Amino acid sequence: MPLPYSETVMEHFKHPRNVGSMEDPDAKAVEGSPACGDMVAVYLKVDADSHRIDDIKFESYGCASNIATGSIITELAKGKTLEEAKALTWKDASDALGGLPPIKTHCSVLAVDGLRAAIQNYEERHGLVSEREPTTVEVVRKRLKHVMNPVVGLDLVRTKLVTGIEVTDGQVQIAIDLPGDHQFANNIREEIREKIEPLWDVHDVTVRFTG
Ligand code: FES
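Described in the following lines is the structure provided in the data block. (Residues numbered from 1 in each chain as written. Predicted model: local features only at pLDDT ≥ 70, side-chain atom pairs only at ≥ 80, totals over all residues. Heavy atoms only, no water.)

Brief notes about the overall build of the protein
Defined as follows: In this text, helices come from DSSP runs of H or I with a minimum length of four residues, and strands from runs of E with a minimum of two, each type numbered from the N-terminal end. All radius of gyration figures rest on C-alpha atoms, and the globule criterion is 2.2 Å times the number of residues raised to 0.38. Burial classification: accessible surface area is computed with a 1.4 Å probe over protein chains only, and a residue below 20% of its type maximum counts as buried, one above 50% as exposed, and the rest as partly exposed. The contact criterion used throughout is that any non-hydrogen atoms of two residues lie within 4.5 Å. Areas reported as accessible are Shrake-Rupley estimates using a 1.4 Å probe. Residue values count occlusion only from the protein chains shown. When charges are counted, neither His nor the chain ends are considered; positive counts come from Lys and Arg and negative counts from Asp and Glu. One atom stands in for each charge, and that atom is NZ of Lys, CZ of Arg, CG of Asp or CD of Glu.
Regarding its fold elements, the protein presents seven helices and eight strands. For a compact globule of 211 residues, the expected C-alpha radius of gyration is about 17 Å, and the protein comes in at 18 Å, within 12% of that figure. Once the C-alpha set of the protein is aligned to its principal axes, its extents read approximately 50 × 45 × 25 Å. By the burial criterion, 45% of the 211 residues in the protein qualify as buried. Put simply, of all contacts in the protein between residues at least 6 apart along the chain, 62% involve residues at least 24 apart. Accessible surface, the protein as shown: approximately 10,800 Å² in total, 49% of it carbon and sulfur. Side-chain charges of the protein comprise 24 positive and 34 negative groups, with the mean position of each set lying 4 Å from the other.

What follows is the structure, encoded as structure tokens:
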């Protein structure tokens, strides 16, 4: 049976460009797909004056389409300014790959979301966010939808692990319905901090395990 992938997809899958983690990145993001539970991490080095992406790397815990899209989207983004890279879409990635089967759309969306989240992370860390909305419980909940519950590969909110969110004067408290000695407790705490701490008006994030 012929594979449903173009030659370009197969080539990028077998020889992905810009793959791996990065020491001391200027920004990073991990995004998960609710559609399949896979994840992608994107790391950036950005020139502080020109805001050009000097280097970019990705790690994929997804399928062949996700690896191929991560490879192509990092190639497309490298050398672009943050504004130019933000404009890249999953369609650009899919076109550059010679098309992806429709059932695999979410895989390319995931890679592009990873790139956008890493850019957002850079902007938040460097005070480049122009629309400064105050952080609310809803803002925090939205971000927690991007933190995976590794036990089932779905996000913390969908799997109902978030039992409380409080936001007061830049202090964010989050209650998670897992025991503190759970094997993934530390990972989850770290990922929550990575997502919430960059918010411009947040000074402190506390994660309590209440299970
Ligand atoms: Fe999960 Fe492709 S099936 S990323």
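There is more to say, and it comes next.
Regarding the layout of surface pockets
The following threshold applies: Only protein atoms enter the calculation, which uses a 1 Å grid: trapped sets of points that fit a 1.4 Å probe without letting it out are cavities, open sets showing protein on both sides within 12 Å along at least five of seven lines are pockets, and any residue with an atom within 4 Å of a point is a lining residue. Grid points are joined across faces, edges and corners, and a volume is the space filled by probe spheres set on the points. Put simply, Ala, Val, Leu, Ile, Met, Phe, Trp, Tyr, Cys and Pro go in the nonpolar bin, Asp, Glu, Lys and Arg in the charged bin, and everything else, Gly too, in the polar bin.
In this structure, the largest pocket occupies an estimated 920 Å³ of space. Lining the largest pocket are 32 residues, and of these Ala 117, Gln 120, Glu 124, Arg 143 and Leu 199 lie nearest its centre. Secondary-structure elements contributing two or more residues to the lining of the largest pocket are strand 1 (27-32), helix 3 (82-86), helix 5 (105-125), helix 6 (137-144) and helix 7 (185-196). Sort the elements by how many residues they give to the lining of the largest pocket and helix 5 lands first, with nine residues. The residue inventory of the lining of the largest pocket, partitioned by class, reads eleven nonpolar, five polar and 16 charged.

With respect to the packing of helix 1 (residues 7-14) against helix 2 (residues 64-77)
Short version of the rule: All axes are obtained by fitting lines to C-alpha atoms, using only the stretch in contact for helices, and the reported angles, taken between N-to-C directions, cover 0 to 180 degrees. For classification purposes, angles smaller than 35 degrees are called roughly parallel, those larger than 145 roughly antiparallel, those between 65 and 115 roughly perpendicular, and all remaining angles oblique.
The geometry of helix 1 relative to helix 2 is characterised by a closest axis approach of 8 Å and an angle of 85° between their N-to-C directions. It follows from the interaxial angle that helix 1 and helix 2 lie roughly perpendicular. Residue-level inspection shows Val 9, His 12 and Phe 13 of helix 1 in contact with helix 2, the latter providing Ala 64, Ile 67, Ala 68, Ser 71, Ile 72 and Glu 75. For the contact of helix 1 with helix 2, the class distribution of residues is six nonpolar, two polar and one charged.

Things to note about unusual backbone geometry
Here the phi dihedral of Asp 24 falls at roughly 55°; this positive angle occurs in a residue that is not glycine. Mapped onto the elements, Asp 24 comes out in the loop between helix 1 and strand 1. The class for Asp 24 is exposed, based on a relative accessible area of 64%. For Lys 160, which is not glycine, the phi dihedral falls at a positive 60°.

Remarks on the nonpolar core
We count it as follows: Here, nonpolar core means buried Ala, Val, Leu, Ile, Met, Phe, Trp, Tyr and Cys residues that are tied together by side-chain atoms lying within 4.5 Å of each other.
Grouped together as the largest cluster of nonpolar side chains are 31 residues, with contacts concentrated most on Leu 44, Ile 53, Ile 56, Ile 73, Ala 77 and Leu 115. By residue number, the principal contributor to this core is helix 5, which donates eight residues. Excluding residues that lie within four positions of it along the chain, Ile 56 makes contacts with Asn 18, Met 22, Val 42, Tyr 43, Leu 44, Thr 74, Ala 77, Lys 78 and Leu 115. If you look at the next biggest cluster of nonpolar residues, it comprises 21 residues, including Val 140, Val 162, Val 172 and Leu 178.

Re the environment of Gly 170
With respect to the helices and strands, the residue Gly 170 is situated in the loop between strand 6 (162-168) and strand 7 (171-176). The sequence separation of Gly 170 and Glu 191 amounts to 21 residues, and the corresponding C-alpha distance is 18 Å. Apart from the residues within four sequence positions on either side, Gly 170 is in contact with Asp 201, Val 202, His 203 and Asp 204.

Quick look at the sheet that holds strand 1
Adjacent strands of a sheet form backbone hydrogen bonds with each other and so pair up, either parallel or antiparallel. Here is the rule we go by: A pair of strands is considered paired only if DSSP assigns at least 2 bridges between the two.
Strand order in the open sheet made by the three strands is 1-2-3, with antiparallel pairing throughout. Looking along the sheet, the strands with just one partner apiece sit at the ends: strand 1 and strand 3 (53-60). Taken over all neighbouring pairs, the strand axes of this sheet differ in orientation by 15° on average, direction set aside. Note: strand 1 against strand 2 (residues 39-46), six bridges, orientation antiparallel. Looking at strand 2, one finds that Ala 27 is bridged to Leu 44. Packing against the sheet, helix 2 makes contact with strand 2 and strand 3, and its axis sits at approximately 175° to strand 3.

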